[in-house]
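Residue-level structural notes
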Amino acid sequence: MDRLAARARVLHAEEKPAILAGDYNVIANDDDTFSVRAMQDDALMQPESREHYRALVAQGWTDALRTQFPKGGVWTFWDYQAGAWQRDAGFRIDHLLLSPQAADRMIDAGVDKAYRGREKASDHAPTWVRLR
């Protein structure tokens, strides 16, 4: 996360449209998981992980999915075990962070949840952002 934050600072300083997209392995907020209690001891939700993520966003990046879904409840990952997909017991660990110049162009963002339900699908659903 430290290396990502350093690179993000460089990109942000260029003042160009940029997107930091990927599987961050961080459940940033309590409403980014089906169950805080179930995930509280997981590395994905530890205070250190969350602090690093929040420091990254604080550089001036916009969380595209949070912007579109301010109340949370949008998952990007469902484990293969314990019927997580069938129970909709997921969480959001895939993030799309937009530079101010990209955020100004954002039209929409979302998660293609249906792809996760396909045969032999990844445990992650595709996330996307549309810019004008």
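In this text the structure is predicted, and so the values were computed from the model without any measurement. (Residues numbered from 1 in each chain as written. Predicted model: local features only at pLDDT ≥ 70, side-chain atom pairs only at ≥ 80, totals over all residues. Heavy atoms only, no water.)

**Some points on the packing of aromatic side chains**
Defined as follows: Here is the rule: rings of Phe, Tyr and Trp (six-membered ring for Trp) pair when centre to centre is within 6.5 Å. Planes less than 30 degrees apart are stacked, more than 60 are edge-to-face, and the remainder are tilted. Counting from the N terminus, the helices are the DSSP runs of H or I reaching at least four residues and the strands are the DSSP runs of E reaching at least two. Buried, partly exposed and exposed residues are distinguished by accessible area as a fraction of the type maximum, computed with a 1.4 Å probe on protein chains only: under 20%, between the cut-offs, and over 50%, respectively. Lysine and arginine charges are scored as sitting over a ring when NZ or CZ, respectively, is within 6 Å of the ring centre and within 35 degrees of the ring normal.
Throughout the structure, instances matching the rule amount to 3 aromatic pairs. Plain terms: the ring middles of Tyr-24 and Tyr-53 are 5.9 Å apart, the flat faces sit at 85° to each other, and that makes the pair edge-to-face. Here Tyr-24, found in the loop between β1 (19-23) and α2 (36-39), pairs with Tyr-53, found in helix α3 (residues 47-58); they are 29 residues apart in sequence, far enough to count as distant. By the burial criterion, Tyr-24 is buried, and Tyr-53 matches it. In this structure, Arg-118 packs its charged tip against the face of Tyr-115, placed 3.8 Å from the ring centre.

**With respect to the sheet that holds β1**
For clarity, the cut-off: When DSSP finds at least two bridges between two strands, those strands are taken to pair. Whether two residues are in contact is decided by their heavy atoms: any pair within 4.5 Å suffices. Helix axes use the C-alpha atoms of the stretch in contact, all axes being lines fitted to C-alpha atoms, and the angles between their N-to-C directions lie in the range 0 to 180 degrees.
Overall, antiparallel pairing links the 3 strands, which are arranged β1-β3-β2 in an open sheet. Both edges of this open sheet fall to β1 and β2 (62-63), since each of them pairs with a single strand only. When β1 meets strand β3 (residues 94-98), the two strands line up antiparallel, connected through 5 bridges. Bridging across to β3, Leu-20 finds its partner in Leu-97. The strands that α3 touches are β1, β2 and β3; relative to β3, the one it contacts most, it runs at about 25°.

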